[in-house]
Amino acid sequence: MRVRLGNGYDVHRFGPGDHVILCGVKIPHDQALMGHSDADVGMHAITDALYGALAKGDIGRHFPPSDPQWKGAASEIFLRHAVELVRNEGYEISNVDCTLVCEYPKIGPHAGAMTAALAKIMDLPADRISVKATTSERLGFTGRGEGIASLATAALISA
Ligand SMILES: Nc1ccn([C@@H]2O[C@H](COP(=O)(O)O)[C@@H](O)[C@H]2O)c(=O)n1
Ligand SMILES: C[C@@]1(CO)OP(=O)(O)OP(=O)(O)OC[C@H]1O
């Protein structure tokens, strides 16, 4: 059996707005995340982990921020593309683990909905997907509430 691992990391800054979209779930919040797309920082990190596991570049290579086609795009477009590449290369996703770094919003109450949303998009059982969160103890840009960071790891196994 062949195994490949990938990691992903992304950051989006806060700006004016009344909700964020994280791992496919819309969460009411007193600010929004800014980006060329819908700024789903969790989904972007997972997408990059899949590209990384395949050694096939990153999200900006496949969906350039300079391309107006992706302005306001739903990030599930990017994730679906990465999942398709995984399957086309003869792998299946063993599991994905994502950590969101922010003081607010609190992720715990939404983690189940995020896992379910990702499972649907990735066509995977929910027990292969983990979404969790940490604060940064009010330190740094995430601690000051200037934005949200996300890290993800993906493991692929040969199908
Ligand atoms: N945005 C967040 C941040 C954290 N959590 C949950 O709180 C726990 C404690 O966080 P620490 O940073 O103090 O370790 C963490 O393990 C999460 O369960 C959260 O839900 N949303
Ligand atoms: C996702 C893309 C799509 O144009 O735009 P952003 O929403 O700005 O997100 P980022 O994580 O900066 O990745 C770059 C782009 O590929």
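Residues numbered from 1 in each chain as written. Chains lettered and ligands numbered in written order. Predicted model: local features only at pLDDT ≥ 70, side-chain atom pairs only at ≥ 80, totals over all residues.

The name that an unreviewed UniProt entry assigns to the protein is 2-C-methyl-D-erythritol 2,4-cyclodiphosphate synthase, with the source organism given as Marivita hallyeonensis. As recorded by UniProt, the Pathway (unreviewed entry) comment attached to the protein reads in full: "Isoprenoid biosynthesis; isopentenyl diphosphate biosynthesis via DXP pathway; isopentenyl diphosphate from 1-deoxy-D-xylulose 5-phosphate: step 4/6." On record in UniProt, under Catalytic activity (unreviewed entry), the comment for the protein is "4-CDP-2-C-methyl-D-erythritol 2-phosphate = 2-C-methyl-D-erythritol 2,4-cyclic diphosphate + CMP". (UniProt positions renumbered as here; feature names shortened; annotations may be inferred.)

(A) Here's a closer look at the site of ligand 1. Every residue lining ligand 1 is accounted for by Cys 102, Lys 106, Ile 107, Gly 108, Ala 133, Thr 134 and Thr 135. Of the residues belonging to the shell around ligand 1, the class tally is 3 nonpolar, 3 polar and 1 charged. (Near = placed C-beta within 6 Å. Nonpolar A, V, L, I, M, F, W, Y, C, P; charged D, E, K, R; others polar.)

(B) Representation of the sheet that holds strand β1 (residues 3-15). Sheet architecture is open: 5 strands sit in the order β4-β1-β7-β5-β6, paired in mixed fashion. One side of each edge strand has no neighbouring strand; the edge strands of this open sheet are β4 (32-33) and β6 (129-134). Across 2 bridges, β1 lies against β4 in antiparallel orientation. Within β4, the position partnered with Phe 14 by the bridge is Leu 33. (Pairing = 2+ DSSP bridges. Helix = DSSP H or I, 4+ residues; strand = E, 2+ residues; numbered from the N terminus.)

(C) Main features of the nonpolar core. One finds Cys 23, Ile 46, Leu 50 and Ala 154 to be the most contacted residues of the largest nonpolar core, which totals 43 residues. Sorting the residues of this core by element identifies β2 (19-22), α1 (41-54), α3 (76-88), β5 (91-101), α4 (111-122), β6 and β7 (147-158) as the ones contributing at least two each. Residue contributions to this core peak at 8 residues, all from α1. Contact partners of Cys 23, with chain neighbours within four places excluded, come to Asp 40, Gly 42, Met 43, Cys 98, Met 114, Ala 117, Leu 118 and Val 131. (Core = buried A, V, L, I, M, F, W, Y, C linked by C-beta atoms within 7 Å. Buried ≥ 20, exposed ≤ 12 C-beta atoms within 10 Å, placed from the backbone. Contact = placed C-beta atoms within 7 Å.)

(D) Looking closely at the UniProt feature "binding site: a divalent metal cation" (unreviewed entry) in the protein. Feature annotation in UniProt places "binding site: a divalent metal cation" (unreviewed entry) on Asp 10, His 12 and His 44, given in this structure's numbering. Across 35 residues of sequence, these annotated residues stay compact in space, with a maximum C-alpha separation of 10.0 Å. Secondary-structure assignment places Asp 10 in strand β1. Secondary-structure assignment places His 44 in helix α1.

(E) Spotlight on the packing of α1 against α3. Running from N to C, α1 and α3 point in directions that differ by 20 degrees, and their axes come no closer than 9 Å. Judged by the angle between their axes, α1 and α3 are roughly parallel. Between α1 and α3 the crossing geometry is left-handed. Here Met 43, His 44, Ile 46, Thr 47, Leu 50, Tyr 51 and Leu 54 of α1 come into contact with α3, specifically with Glu 76, Phe 78, Leu 79, Ala 82, Val 83, Leu 85 and Val 86. Split by residue class, the contact of α1 with α3 holds 11 nonpolar, 2 polar and 1 charged. (Axes fitted to C-alpha atoms, helices over the stretch in contact; angles between N-to-C directions. Parallel < 35°, antiparallel > 145°, perpendicular 65-115°, else oblique. Left-handed = near helix turned anticlockwise from the far one by under 90°.)

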